[in-house]
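Results of the structural survey
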Amino acid sequence: MTTTRLPEIISRNQEELLNAWLRLQTEMFSARRDRVSESQLRAQSHNFLIALIDAVSRSAGSDIGATEWSGMRDLLSELSRQRAAQGFSPRETATFVFSFKRPLFALLRVEYTDHQALADDMWAATELLDKLGLYTIEIFQKTREDVIMRQQQEMLELSTPVVQLWHGILALPLIGTLDSARTQIVMQNLLEAIVAKGADLAIIDITGVPTVDTLVAQHLLKTVAAARLMGAECIISGIRPQIAQTIIHLGVDLGGVLTKATFADAFQLALRKKSLAIARA
Amino acid sequence: MTIEKGVEVMDRIPILKMGSFLLVTIQVDMHDQLALALQDDLTERIVRDRATGVLIDISALDIVDSFIGRMLGNIASIARILDAETVVVGMQPSVAITLVELGLSLPGIRTALNIDRGMELLRAANSGVAAGDGFEES
Amino acid sequence: MVLKRVDLQITAPEDVVVVRQTTRSLAVEAGLSLIDQTKIITAASELARNTLIHGGGGTAAVEIVRESPKEGLRLTFEDKGPGIPDLERAMQDGYSTGGGLGLGLGGSKRLSSEFRIQSKAGLGTRVVIARWKG
């Protein structure tokens, strides 16, 4: 529970506050009026007020991560995601929250007679709205990151296909830097290809990978272990001297995993395992 | 088959004889009793049919937890004592990834992609020829 | 915010299967990827069995949850059993009091996005796990 008068003041003056805020927002975004309809903006602003009144009356502090604020967080997440998709900038999106300060403070100056109480509550309100505004920016950035990641994944799937070298032998040439997320996806693709092509031998070539860190090395090893459980064997090839040193330095235990310096050696080994050989005509 | 608590409770998992091998295809989400019953039944059949190999097809299982893992391990160990090899075939990719994450390595169990490959492995093991492309967990 | 909740009793071995099936259907509903589904269902199976065998029976609650920006599945296992006196040891792989492989708790933690356990000797045990999308 809170002792601030904010929820009561906002609630009592809801209509005027909403109208003043909407007027301000429309002024600031006259160029963007085609992107967000008036009725949608009114609905979003109205819901914001309701959520604000609710959260402030139930919680004492300004910790917007608390459960009392989850309704507001959901609202702002949704709004932020929408604005990001509609092509707004992060600043424009956060301004939804920040622009609320002006009509709110105008109202508070009228409502309070005690200067100290006014100062206290204005400060509390500023703190809250700043945090909420920053939250929308965080979500906005995360949304943008998600889109970029998805695009990267799609590019990745196109650029790192699993290749069938021969009956039962697959090759996965990895190129470029590997991060944890990318490695996981690539590895899942390999395991699925093993089932789809009925291949029991896979060569994972890392010639084109400049660096390998602990996480990536662990993912590689987990993939080899998973392939084994499925009945397929992996050979890791293209381990350059620097990477070999890194692996030892990191203390990663390659125990039992077949490795070859070059892809050609790995292919030869694979053929041998299948009792095959390439003979000159 | 009986129904208890809305769950189809299969009384026993069928075991097929294929030459000197036994084939088990697990297609239901087993509760613990059923898994233990399978272990018992297989043990009995290995002796009774003088089987030299056991093929366990888990291609229909999308969950293998530590209990089932333990059961598979037990079957392999028991079979070995009775001079029979066990091959587990058809593990799904997401199951394999999860088992690795869980830390289950299924020692002493051979694996193969499918029943055909599994049979090849067993035949090779039986005839004393080292199988080129099948291999064992350690 | 809890979008859906199913409460289950764990009193017999068949109940572990019910926990798996319920977890699966809610995981699908929550939109988890196949691999995430497999992980949470497997973790649920381990914990449900623990509740039954070590806890002497108890309850499981399966929830579809959204806590912006996270969304996914949350499971709570509770029992009024003997409790776990040495939690740290119990979380280590290979340690088992039930003749198992001792992978239940540590394994479930590795398979989950979040893992919380409270246990007091003589009072019972409560384990909460979650698997978030993406």
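Residues numbered from 1 in each chain as written. Chains lettered and ligands numbered in written order. Predicted model: local features only at pLDDT ≥ 70, side-chain atom pairs only at ≥ 80, totals over all residues.

Now for the overall build of chain B. Check the secondary structure of chain B and you find four helices and eight strands. Put simply, chain B runs from its N terminus to its C terminus through helices and strands in the order β-β-β-β-α-β-α-β-α-β-α-β. Expressed as a percentage of its 138 residues, the buried residues of chain B come to 45%. (Helix = DSSP H or I, 4+ residues; strand = E, 2+ residues; numbered from the N terminus. Buried ≥ 20, exposed ≤ 12 C-beta atoms within 10 Å, placed from the backbone.)

Residue-level contacts link 20 residues of chain A with 17 residues of chain B. Among the elements of the structure, α8 (180-197) and α9 (214-230) of chain A are those that each provide at least two residues to the side of chain A that touches chain B. In terms of residue count, the dominant contributor to the side of chain A that touches chain B is α9 of chain A (six residues). For the side of chain A that touches chain B, the residue count by class is eight nonpolar, five polar and seven charged. (Contact = placed C-beta atoms within 7 Å. Nonpolar A, V, L, I, M, F, W, Y, C, P; charged D, E, K, R; others polar.)

Attention shifts here to the nonpolar core. By size, the foremost hydrophobic cluster in this structure holds 107 residues, and its most contacted members are Ile194, Ala202 and Met230 of chain A, Val54 and Ala96 of chain B together with Leu73 of chain C. With residues up to four places along the chain from it excluded, the contact list for Ile194 of chain A reads Leu170, Ala199, Ala202, Ala227, Met230 and Ala232 of chain A. (Core = buried A, V, L, I, M, F, W, Y, C linked by C-beta atoms within 7 Å.)

A few words on unusual backbone geometry. Trans peptide bonds make up the majority, and among non-glycine residues the majority have a negative phi. All names here are of chain B. In this structure, Arg50 is a non-glycine residue whose phi angle is positive, near 50 degrees. Looking at where Arg50 falls in the secondary structure, it is placed in the loop between α1 (32-49) and β5 (53-57). Phi is positive for Asp83, which is not a glycine, with a value near 65 degrees. Within the element layout of this structure, Asp83 appears in the loop between α2 (66-81) and β6 (85-89).

Between chain B and chain C, the contact holds 22 residues from the first and 24 residues from the second. For the side of chain B that touches chain C, the secondary structure elements donating two or more residues are β2 (7-9), α1, α2 and α3 (93-102) of chain B. Examining the composition of the side of chain B that touches chain C, we find that six residues originate from one element, α3 of chain B, more than from any other. Among the residues forming the side of chain B that touches chain C, the class breakdown is eight nonpolar, six polar and eight charged.

Everything listed is a geometric property; what it means functionally is a separate question.
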